[in-house]
Amino acid sequence: MSTRAEAKGVGAISSDGNLNTAHAQTSRKGFCSVRHGLALIMHLCNFSLNSQKMSLSIAIPAMVNSTAWPGPLNASTEGPSAHSQDGWNGTLRQLKAVAPLYDWSPEIQGILLSSTNYGSFLAPIPTGYIAGLFGAKYLVGVSLLLSSILALFIPLAADAGVLSLIVLRIVQGIAQVMVLTSQFSIWVKWAPPLEKSQLINIALSGGIGCACSFLWFPLAYDDPINHPFISTGEKEYIVCSLAQQDRSPGWSLPIKAMIKSLPLWGILVFYFTGFWTINILMAYIPTYISSVLQANLRDSGILSALLLGVAFISTILCGLLADFLHSRKIFRLITIRKLSTAIGVLVPSVVLVSLYWVRSSISTSMGLLALCSAATTFCQTGALINFLDIAPRYTSFLRGLSQVFGHLSGAISSTVAGFLISQDSEFGWRNVFLISVSINMSGLVFYLIFSQAKVQDWATEQTVTQL
C-alpha cells in the first residue's frame, strides 16, 4: 500500500476518533513499535547530551586537584617518604602525565560549571516556536551534532584559558537546549495519551553524540504518517488516539492569556525551583564525593556514574508507573502529576538536609545520594511534563519557555554554590543544600496549589480563533 493511501486511510479513521479497530488494538501493546524505537533513539541522543554536560563536573576534581594519588577508595593520601626525592619527582611527573592541573578557585569552578546555562535561556523560546511550526527533525539532529563537535574541543579550550572554555560551553549549552526543547514537539504527534509518560521518560533517561546525530536523520520523523517503516496498525493507533487533540499551533500565540494562567505559572515557577536542585546535583556531586567524602579521583568518577545509572533506571520505571496508574484509572492525571512532583521534592529534601550529619560515612552518604537521584526523577512524570496536559497545542513553545526558567536557575545556582563553598569550606556545603531545599520546597507548594491537568481554555481552537 502506498504512503498516500495509508495517510488517507488514517485520516478517515481519525475523523471519528474510533479506536476499536484490530490494527489499533494490536499496535497499542508491546515495546516493539516505531514509537518506542523513536524513544530509544531519542534516549541515545539525550544520553549523549547528559554525558557532555556531566563530563566537566566529573573531571574537574582531577583537573584542579594537585594532591590526589592513584589507589583504592581508602588508600592513604600520603606521598612518598621525604628521603626519596627521586620517587617524589617521579610521582609528580606521573601526576602531570595523568591530567593537567588548573589553578581554578571554587568561584571559577562554579562559573565554569554553570556556563552552559548563561546563554541557554536565549534559545528555548524561538526554538520551541520554530519546532512547533516546522518540526524538530533537523533542529535536533544539527544541534546534537554541533554540541558533540564542541565537546571534542573542551581540552583545547581549557588549555587556552578560562575565558575560552566559558565561551565554548556557552555555545555548547545553546546547542544542547535546542535539542532538549525541540524534541518535545515530536511527542505531540507520536505519543498516545496513555503512553505519554513512558515514552518521554525513556527518551529523557539519559564520543556517541556524533553517531547519534547521523542515526537521527534517517530514522526520526516529525509525524507518524510520513514514517516509511511504521506499520499501518501502529499508525492508525497513534493518529486515532490523538484525533481529539488540537495539535496545530499556527503563527499566533495567546500571550495575554498565558501570562494570566496560574497553572502555567505553577509549572514555570517549579522549573526554576526544581532545576535549582537538579543543577546543583549534576554540577557538584562529583566534587562533593571527592572533597567531602574523600574518595579518590578514580572512585569519585565510578560512584558518580553509579548515581546516574540509578537515575536512568528510576526514570524509566517512573514513566511506566505513571502510565499504569493513569491507564487503569487508579488515580486522576492531576493526582499523578502532583504526587510525582511531591515525591521528587520531599525525598531529596530530606536527603540533602541529612548529608551534613552523615558525611563521615561514605557508604551512608552514597546510599542517601542514590535515593536522592532516584526520587528526583519522579518530577519527570510530574510538573516537568505538565505543560503537555494543559496546552498540547503549544507544547514546543511552552517547553522553550519553561527551559528559560530552568537554565536561568542553573546559571544562578551553580555560581552561588561555588561562592558559598569558597567562603566556608566546613559549612559551605551545608548552606548550599539548605538553600536548595528551601527554594525547592517553595516551588512545590506553589505548584501544588495552582497546577491543573486539563486543557486550558486559551489552548483550545475556538479560543485561539477568537483571539
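Details of the structure are given in the entry above.
All of these numbers come straight from a predicted model, not from anything done at the bench. (Residues numbered from 1 in each chain as written. Predicted model: local features only at pLDDT ≥ 70, side-chain atom pairs only at ≥ 80, totals over all residues. Heavy atoms only, no water.)

Colleague: An account of the overall build of the chain is requested, with residue identities and associated values reported.
Modeller: Tallying secondary structure elements over the chain gives 22 helices and zero strands in all. Accessible surface, the chain as shown: approximately 20500 Å² in total, 66% of it carbon and sulfur. (Helix = DSSP H or I, 4+ residues; strand = E, 2+ residues; numbered from the N terminus. Areas by Shrake-Rupley, 256 points an atom, 1.4 Å probe, with all protein chains shown as cover.)

Colleague: Can you lay out the nonpolar core for me, pointing to particular residues and giving the numbers?
Modeller: Counting residues in hydrophobic clusters, the biggest one holds 40 residues, and the most contacted among them are W104, I289 and L369. Sort the elements by how many residues they give to this core and helix α15 (residues 262-291) lands first, with eight residues. The residue makeup of this core includes at least three contributed by each of domain 1 (34-65 + 103-244) and domain 2 (255-466). The residues contacting W104, other than those within four sequence positions of it, are I60, M63, V64, Q109, L112, A158, V162 and L165. Residues M258, F397, W458 and A459 belong to the second largest nonpolar core, which totals 27 residues. (Core = buried A, V, L, I, M, F, W, Y, C linked by side-chain atoms within 4.5 Å. Buried < 20%, exposed > 50% of the residue type's maximum accessible area, 1.4 Å probe, protein only. Domains from an automatic or database assignment. Contact = heavy atoms within 4.5 Å.)

Colleague: Outline the packing of aromatic side chains, supporting the account with residue identities and numerical values.
Modeller: Tallied over the full model, the rule gives 13 aromatic pairs. Taking 4.7 Å as the distance between ring centres and 15° as the angle between the ring planes, the aromatic pair formed by Y102 and W104 counts as stacked. Look at W104 and you get buried, because its relative accessible area is 8%. Taking the centre distance of 6.1 Å and the plane angle of 40° together, the rings of W429 and F433 count as tilted. Here W429 pairs with F433, and both are found in helix α21 (residues 428-450), just four residues apart, close to one helical turn. With respect to class, W429 is no different from F433; both count as buried. Here the aromatic residues Y284, Y288, W429 and F433 are joined through ring pairs into a cluster of three or more. When the ring centre of Y356 is taken as reference, the NZ or CZ atom of R359 above it lies at 4.1 Å. (Phe/Tyr/Trp six-rings, centres within 6.5 Å; stacked < 30°, edge-to-face > 60°. Lys NZ or Arg CZ within 6 Å of the ring centre and 35° of its normal.)

Colleague: Describe helix α16 (residues 297-327), and please don't skip the residues or the numbers.
Modeller: With 31 residues, α16 extends 46 Å from end C-alpha to end C-alpha; this agrees with the ideal 45 Å at 1.5 Å per step. Of the residues flanking the end of α16, it is K329, one or two places downstream, whose phi is positive at about 55°. (Expected span 1.5 Å × (residues − 1).)

Colleague: Explain the side chain of S314 residue by residue, including any values.
Modeller: Counting through the fold element by element, S314 comes out in helix α16. Residues contacting S314, with those up to four places away along its chain left out, are A374 and T377.

Colleague: Can you tell me about the packing of α15 against helix α18 (residues 362-376), naming the residues and giving the values?
Modeller: Where α15 contacts α18, the axes come no closer than 12 Å and their chain directions differ by 160°. Judged on the interaxial angle alone, α18 and α15 are roughly antiparallel. Note on packing geometry: the crossing formed by α15 with α18 is left-handed. Only M366, L369, C372 and T376 of α18 make contact with α15, whose side of the interface consists of I278, L281, I285, Y288 and I289. Tallied by class, residues from the contact of α15 with α18 come to eight nonpolar, one polar and no charged. (Axes fitted to C-alpha atoms, helices over the stretch in contact; angles between N-to-C directions. Parallel < 35°, antiparallel > 145°, perpendicular 65-115°, else oblique. Left-handed = near helix turned anticlockwise from the far one by under 90°. Nonpolar A, V, L, I, M, F, W, Y, C, P; charged D, E, K, R; others polar.)

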